[in-house]
Amino acid sequence: MDNDRQDTFRKLLHAQRVWDTRLPAFDPAAAPAAPLPLFHRWFAEAVTAGQTEPHTMTLATVDEQGRPDVRTLMLHDADERGWHFASHATSAKGRQLAAHPEAALGFYWAAQGRQIRVRGRVTAGGSTESQADLHARSTGALAAALTGRQSQILDSQEELETASRSAWERAQTEPDAPVPTWTLYVLQPYEVEFFQGDERRQHVRLRYRREEDAWVRELLWP
């Protein structure tokens, strides 16, 4: 029975196709001198192409033992300071970033066969900036933050339902409720790679690498 299930899974896996469509062209020679304007442009093009949740990204960190960890979360901003995201300082990712303040981000926009990889050093914003970030978001985001205890052991689903109900009520009646552990993080990049998929597998990879006060652009083999 286990072999049958494994065979079924493999057949299903191998039947999936990638990029059986016309993908956009990307001329790296025409790319800007810095990665941020290109990220802004590709993000806008992903939205226009109908990419679902283009603001979601993967965040990779390492724990106290140096073991890798990864999760999906939302981009809050991308500006000259870097790529912004947020979480509780007491969460797994918050503790990991406190111990090892370097991380990597990954965006995948399947609608256009595009990936963006960002590596850099992470800094934590102050309380005022972090609380402003939280209160600029939705009631649901505030309720989730007020529920707290992220990454801790949950004894039962009922316990979560009770805490969530209370948090929603407070978020609706107190939209400026503080969450002291909520922290805005900014990843300042030293490397950003733009990957444009090609149906003939002649993918284009353009890497921006920081050297002192300037960006160096270089092509990579796919």
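Up top is the structure these notes are about.
Here the structure is a predicted model, which is why all the values come from computation and not from measurement.

Draft legend 1. Main features of the layout of surface pockets. Counted as a void, the largest pocket has a volume near 320 Å³. Lining of the largest pocket is provided by 16 residues; of these, Arg137, Ala141, Ala144, Gln150 and Trp182 occupy positions nearest its centre. Among the secondary structure elements, those contributing two or more residues to the lining of the largest pocket are β2 (68-74), β4 (82-88) and α5 (139-147). With four residues, α5 is the single largest residue contributor to the lining of the largest pocket. Looking at the lining of the largest pocket residue by residue, the classes come out as seven nonpolar, seven polar and two charged.

Draft legend 2. Fine view of the pairing of strand β1 (residues 56-62). Judged by which residues are buried, β1 turns out to be one-sided: Met57, Leu59 and Thr61 face inward and are buried, whereas Thr56, Thr58, Ala60 and Val62, on the alternate face, are not. Examined bridge by bridge, β1 and β2 share seven bridges and lie antiparallel to one another. Pairing of Ala60 across the sheet is with Val70, part of β2. Here β1 folds back onto β2, and the loop between the two strands holds five residues, one of which, Gly66, carries a positive phi near 80°. Where β1 and strand β5 (residues 102-109) come together, three bridges link them in antiparallel fashion. In the sheet register, Ala60 faces β5, and the bridge partner there is Ala104.

Draft legend 3. View of the pattern of salt bridges. Applying the stated criterion to the full structure yields 15 salt bridges. A salt bridge links Glu45 to Arg41; its shortest N-O distance comes to 3.8 Å. Residue Glu45 and its partner Arg41 are located together in helix α2 (residues 35-48), separated by four residues, close to a single helical turn. Linking Glu193 and Arg117 is a salt bridge whose minimum nitrogen-to-oxygen distance equals 2.8 Å. Highlighted residues: Glu193 in strand β7 (residues 182-196) and Arg117 in strand β6 (residues 114-124), separated in sequence by 76 residues. For Glu193, a relative accessible area of 4% corresponds to the buried category.

Draft legend 4. The packing of aromatic side chains, seen in detail. In the structure shown here, the tally under the stated rule is eleven aromatic pairs. Centre to centre, the rings of Trp42 and Phe194 are 5.3 Å apart; their planes meet at 90°, and the pair counts as edge-to-face. Placement of Trp42 in helix α2 and of Phe194 in strand β7 is noted, with a sequence separation of 152 residues between them. For the pair shown, Trp42 and Phe194 are each scored as buried. Joined through ring pairs, the aromatic side chains of Phe26, Trp42, Phe194, Tyr208 and Trp215 make up one cluster. When the ring centre of Trp42 is taken as reference, the NZ or CZ atom of Arg114 above it lies at 4.1 Å.

Draft legend 5. Helix α6 (residues 157-173), seen in detail. The first and last C-alpha atoms of α6 sit 25 Å apart over 17 residues, in line with the 24 Å expected at 1.5 Å per residue. Looking at the buried residues of α6, the elements they touch are α5.

Here is what the cut-offs are and how they apply
Residues numbered from 1 in each chain as written. Predicted model: local features only at pLDDT ≥ 70, side-chain atom pairs only at ≥ 80, totals over all residues. Heavy atoms only, no water. 1 Å grid on protein atoms, 1.4 Å probe; cavity = no way out; pocket = protein on both sides within 12 Å on 5 of 7 lines; lining within 4 Å. Points joined across faces, edges and corners; volume = space filled by probe spheres on them. Helix = DSSP H or I, 4+ residues; strand = E, 2+ residues; numbered from the N terminus. Nonpolar A, V, L, I, M, F, W, Y, C, P; charged D, E, K, R; others polar. Buried < 20%, exposed > 50% of the residue type's maximum accessible area, 1.4 Å probe, protein only. Pairing = 2+ DSSP bridges. Salt bridge = Lys/Arg side-chain N within 4 Å of Asp/Glu carboxyl O. Phe/Tyr/Trp six-rings, centres within 6.5 Å; stacked < 30°, edge-to-face > 60°. Lys NZ or Arg CZ within 6 Å of the ring centre and 35° of its normal. Expected span 1.5 Å × (residues − 1). Contact = heavy atoms within 4.5 Å.

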